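# Examining the three-dimensional arrangement
Listed here are the chains, written in short residue letters.
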Amino acid sequence: MTCDEARILLHALLDNELDAGHAREVEAHIAGCPACAAEFAAQREMRRVLADTNLRYVAPASLRSRIEASLPGPQSQQPTRRSVLRGFAMGSAVSALAASGVVAVVLRQDDQQRILSEVVSAHLRSLQAGHLTDVVSTDQHTVKPWFNGKLDVAPPVIDLTAQGFTLVGGRLDYIDARAIGAVVYKRRQHVINLFVSQTTSTEDRPPKTQTMQGFNCRRWGERGLNFWAVSDIGADELAEFVDKFEAAMKANVEG
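Read on for a plain summary of the structure. Just so it is clear, the model here is predicted, and its values are computed rather than measured.

Tallying secondary structure elements over the chain gives seven helices and seven strands in all. Counting from the amino terminus, the chain carries its helices and strands in the arrangement α-α-α-α-α-β-α-β-β-β-β-β-β-α. Buried positions account for 35% of the 255 residues belonging to the chain. For the chain, contacts bridging at least 24 residues in sequence account for 58% of all contacts bridging at least 6. For the chain, the exposed area adds up to about 15600 Å²; of that, 55% sits on carbon and sulfur atoms.

With that out of the way, let us pick up the packing of aromatic side chains. Per the counting criterion, the structure on display carries seven aromatic pairs. On the basis of an interplanar angle of 70° and a centroid distance of 6.3 Å, the ring pair of Trp-220 and Phe-245 is categorised as edge-to-face. Of this pair, Trp-220 sits in strand E6 (residues 215-222) while Phe-245 sits in helix H7 (residues 235-254), placing them 25 residues apart in sequence. What makes Trp-220 buried here is its relative accessible area of 0%. Clustering of aromatic rings is evident, with ring pairs tying together Phe-165, Tyr-185, Trp-220, Phe-227, Phe-241 and Phe-245. The ring of Phe-165 has Arg-187 lying over it, and the distance from NZ or CZ to the ring centre is 4.3 Å.

Further remarks concern the packing of helix H1 (residues 3-14) against helix H2 (residues 20-32). For any two helices packed against each other, one specifies the crossing angle of their axes together with the interaxial distance. Remark: H1 packs on H2, axes separated minimally by 10 Å, with the N-to-C direction vectors making an angle of 115°. When the axes of H1 and H2 are compared, the crossing they make is left-handed. On H2, the residues that touch Cys-3, Ala-6, Leu-9, Leu-10 and Leu-13 of H1 are Ala-23, Val-26, Glu-27, His-29 and Ile-30. A breakdown of the residues in the contact of H1 with H2 according to their chemical character gives eight nonpolar, one polar and one charged.

The grouping of Leu-63, Ile-67 and Leu-71 at the surface amounts to a nonpolar patch, some 260 Å² of accessible area in total. Assessed through its relative accessible area of 45%, Ile-67 is described here as partly exposed.

Reading the values: rules and limits
Residues numbered from 1 in each chain as written. Predicted model: local features only at pLDDT ≥ 70, side-chain atom pairs only at ≥ 80, totals over all residues. Heavy atoms only, no water. Helix = DSSP H or I, 4+ residues; strand = E, 2+ residues; numbered from the N terminus. Buried < 20%, exposed > 50% of the residue type's maximum accessible area, 1.4 Å probe, protein only. Contact = heavy atoms within 4.5 Å. Areas by Shrake-Rupley, 256 points an atom, 1.4 Å probe, with all protein chains shown as cover. Phe/Tyr/Trp six-rings, centres within 6.5 Å; stacked < 30°, edge-to-face > 60°. Lys NZ or Arg CZ within 6 Å of the ring centre and 35° of its normal. Axes fitted to C-alpha atoms, helices over the stretch in contact; angles between N-to-C directions. Left-handed = near helix turned anticlockwise from the far one by under 90°. Nonpolar A, V, L, I, M, F, W, Y, C, P; charged D, E, K, R; others polar. Patch = residues over 30% accessible without salt bridge, like charges linked within 9 Å, V, L, I, M, F, W, Y side chains within 5 Å. Salt bridge = Lys/Arg side-chain N within 4 Å of Asp/Glu carboxyl O.

Written as structure tokens, this is what we have:
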């Protein structure tokens, strides 16, 4: 394992995202490479410092005073026991509804982050020698049929060589405990993994770019499929890839 390969996987090793085989390879490299060992130690120390840092914000007492001053003064008529209970019941119901909504949003966000983490981990695994492709071909008419029978829905495979993104092959991968297709492209020497999975949702989602562990990931949904394009190229180039892929896919459907 080279230093470049090991440094790509240091974050994954630190977060316990590597399988046992890859973890042993990286640990063996670190043991014999002072530079990578120093980098790994620095990342581990940064993680410890962030975990020990108290980032909680405490509102100043003056804020409480201003809020209390803005509240209406005591009313001349005292509230009845019935009105108090009615207000309490209504407040509890509203609070319960609000809390359930917040929990649902948090769960969806956590689920999306978990899947994004799995997508990036799959991209990292593919960069290891012999893991990038199961079928090697620059011909879309060779790559697409290879997926037939291996997945419920074969991913769209489009040749974008003329647009600057070379098709190099495809493979099966696993995200969220499900087998999905990965179509592999290259931009110069940079790998772009396009992960495609089937979804029951028919809602189209516009592309959105996120960054994790130094990789850009652009996700979108279209025609009952979820797409994740992952690479270390710049966000603008990755957006260009997605735009050209969508345009070519649309042209194929209309044609």
